[in-house]
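Chains, contacts and geometry: an overview
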Amino acid sequence: MNWILLGLVLTSIEISRGVLVRLKGGKHLYEGRIEVLYNGTWKAVCDHGWERNGARVVCRMLGFPDVLRYTKGYHAFGVGKPGKFWLDDVRCSGEEDSIDKCSHRPWGRHNCQYYNQAGAVCRRRLSNLIVEPKPSQASGQISKVNIRLKGPVVDDYISEGVVLVEHEGKWGYICPSKWTQSNSYVLCGQLGFPAAKTPTTHTETIQDVEPVYWLDQVTCKGWEGSIVSCDHTGWGRHQCEDGGAVRIECVRRLLRKPLDVRLRSGALVSEGRVEIQHSRYWGTICDDHWTIREANVVCRSMGYGTATMASRNAYYGRGIGKIMLDDVYCVGNEKSIKQCKKSRWQKSNCDHHEDAGVRCNVPSLQGHEVRIRGGANHLEGRVEVFHDGKWGTVCADGWGIEEAMIVCRQLNLGFASDAITNQTFSQTDLEVIMSGVQCHVNDISIYNCEHDEWTNTTCSDKKKSAGVACVSALPDLVVNTDILRRNMELNVFPLSMLRCAMEENCLSPSAAYYLRYSDTYQRRLLRFSVQVENRGLDHFRPKADKSTWQWHKCHQHYHSMETFSSYDLLRQTSGKKVSEGHKASFCLEDTKCDSGFDKVWNCTDMGDQGISPGCYDIYYYNIDCQWVDCTDFVHGAFYLRVHINPGNQVAESDFKNNVAKCSVYDYGTYVLAHRCWLEDCESGLDTHGGNSGGNCCVLPFLYKGKLYHDCTTDGYIKKWCSTTYDFRKDKKWGICYD
């Protein structure tokens, strides 16, 4: 009997060892339709019942750490030989080490058609997703090195001085022998500056009795992202016959006009998915042949230094719109990515899963000390700042997600998931020394944010200190503009049918007046559907705990967010807001998902609410409050403005793509939507009123000889901005949305 059992075990092992898998039809080695080698023949896997766990098993068999997504059908990776399937109805737990150990029909038994192809896109290792500066032969295994300048601090930065490099835990100098301007160019880039000045000399006398020289005879070509990529005589102690040490002068970032390239969805302002503007439209760049050279060009063109990393495979999340460029080849010294060799505009064989990204070197801020203390781990805690020789706390009055984002960014801890204003963390004896903090999304330090004078701090409770919780990934909500445009109509209803909507304040104020006289008065409603997709890397969850959700008796449901979206109607000629509406989230869930993504959130029977990455929620036009009340004004041309997650209630990796607009014409009995688009406000601010028809703020803008980097009340009673760079020249402006 034991021999029989042993034989069965050996047979099982032999079968497992005999089963091989491969991916076919994909553009890359990590993706494709699945084929299995069994009994010496390769055949496909049928997609009946195919899901994420099965794809996970296949990816691990191929040596990948996990699955990214799974595919069904022939659209993704084509078809194999007709009728050639080994496996059907595969069911895996995800823990199996081979697909043959999953539940499935007998080998070769299936009822599949040629198009029932199971596929997988495997998750690559981090080393395959990012490209960092490679060390030269002279640098050997040293791939990263710290450098700094010994010089004067001017406006929070040191941009000129003697170069110090760290090696073996000790700071030393670079010998200036055979030093070139290209060397200075590379070093300034590594220090976070876009270019190098040409000084009268590269050498400065030093006073050290026994100076340590770690590098000598450095030779850079100019395209390198780091000095470790340059040639030299090797790392170690050198005798510098000429004496002195290398001194450089770097050019500081100075941007006056908006750029045609931008970075989105990064925790730092100097990192993110690369997007480029062409013919007024923004789009992404495919990661085919995306290296440190191309990344260097992008970073320097934006006023940063060289790239510390070039990323692939939508490392910063998937973009939207067109893929503008593919197969980009740069020498490394171009002034713009547009000057590099590339494919034709908008000609690509890529999708947004291949969006390219960068992380750029930026100068180190001097004297901007901040820390978090009292948390359960290093990613959360009470915010503490240093001023006038002492540490203190920040008052929590007015503390929001924008301010928390800046702190996490400044500490290089990723994004902020929460701005904490209660006494969550351990007690402290430190005093409140900073108050009235108001930050903009592009600020890089809490010290750069608006705040009260240090000598005039005010706080409602001296023990009420601000805190943060930092995370590495966040969701990113985007409105589907095609759904919005195609599902829009005007309807007329008597007030008797809108009593629940009245309770939720979904009608214009005049409705309450008319209801006092009769419920037969009619309201004219512009109704539309809104589909919201999460294109980020984490789940979108309501901020409020389920126990605090409000029950609405009339509609018989809970609201997890009282204002999930806001709706405004702006007259096109003037930009004046003529009507507004809002929608609460009463059932935030994964209505549908993109191919390869599974539903997680289902609000049925008081279930948890949220939107998963790759999934979307839909509020259809026939739902109460999914409208703007158009009863009280004359017909004409308008902009419909849809703002998701207004007020940035829930943290996202990108707040700048939360506004969609449509150009609509109200004919009285019907409406036509001519065009809908996502508002491409690089400033993150669009407007109403003024004279620019709701256009975006341009930041910075020039007004009376002064550059403004945010909305201002200078010259007007409300916060406003110019919608072109030079207000004196164009005189175009608008009132900023809160």
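As annotated in an unreviewed UniProt entry, the chain is protein-lysine 6-oxidase from Stylophora pistillata. A UniProt comment under Catalytic activity (unreviewed entry) is attached to the chain, and it reads "L-lysyl-[protein] + O2 + H2O = (S)-2-amino-6-oxohexanoyl-[protein] + H2O2 + NH4(+)". UniProt's Sequence similarities (unreviewed entry) comment on the chain is quoted here verbatim: "Belongs to the lysyl oxidase family."

A few words now on the domain arrangement of the chain. As assigned here, the chain comprises domain 1 (20-124), domain 2 (137-251), domain 3 (261-361), domain 4 (370-471), domain 5 (478-678) and domain 6 (687-736). A straight line from the C-alpha centre of domain 2 to that of domain 5 covers 57 Å.

Take the nonpolar core next. In terms of nonpolar packing, the biggest core is built from 36 residues, with Leu-484, Met-488, Phe-528, Val-530, Phe-564, Leu-640 and Val-642 touching the most fellow members. Of all elements in the fold, only β27 (477-479), β28 (488-494), β29 (522-528), β30 (530-534), β33 (561-571), β38 (636-644), β39 (659-666) and β40 (671-678) reach the threshold of two or more residues within this core. Dropping the residues within four chain positions of it, Met-488 is found in contact with Leu-526, Arg-527, Phe-528, Leu-640, Cys-662, Val-664, Val-671 and Ala-673. Among the nonpolar cores identified, the runner-up in size contains 31 residues, and Val-394, Ala-404, Ile-406 and Tyr-447 belong to it.

All right, on to the pattern of salt bridges then. As enumerated under the stated definition, the model contains 34 salt bridges in all. In this structure, Glu-204 engages Arg-247 in a salt bridge whose closest nitrogen and oxygen atoms are separated by 2.9 Å. Pair noted here: Glu-204 is in strand β12 (residues 203-204) and Arg-247 is in strand β14 (residues 245-251), with a separation of 43 residues, a long-range link. Owing to a relative accessible area of 31%, Glu-204 belongs among the partly exposed residues under this scheme. The salt bridge partner of Glu-384 is Arg-382, with a shortest N-O separation of 3.1 Å. The pair Glu-384 / Arg-382 is uniform in exposure class, with both members buried. Among the ionic contacts, a cluster of salt bridges with common partners joins Asp-568, Lys-577, Glu-580, Arg-641, Lys-661, Glu-679 and Asp-686.

The strand order across the open sheet formed by four strands is β27-β30-β36-β35, and the pairing between neighbours is antiparallel. A strand with exactly one partner marks an edge of an open sheet, and here the two such strands are β27 and β35 (592-593). In this structure, β30 lies alongside strand β36 (residues 615-619), joined through four bridges in antiparallel fashion. Bridge pairing links Glu-533 to Tyr-616 in β36.

Cut-offs applied
- Residues numbered from 1 in each chain as written.
- Predicted model: local features only at pLDDT ≥ 70, side-chain atom pairs only at ≥ 80, totals over all residues.
- Heavy atoms only, no water.
- UniProt positions renumbered as here; feature names shortened; annotations may be inferred.
- Domains from an automatic or database assignment.
- Core = buried A, V, L, I, M, F, W, Y, C linked by side-chain atoms within 4.5 Å.
- Buried < 20%, exposed > 50% of the residue type's maximum accessible area, 1.4 Å probe, protein only.
- Helix = DSSP H or I, 4+ residues; strand = E, 2+ residues; numbered from the N terminus.
- Contact = heavy atoms within 4.5 Å.
- Salt bridge = Lys/Arg side-chain N within 4 Å of Asp/Glu carboxyl O.
- Pairing = 2+ DSSP bridges.

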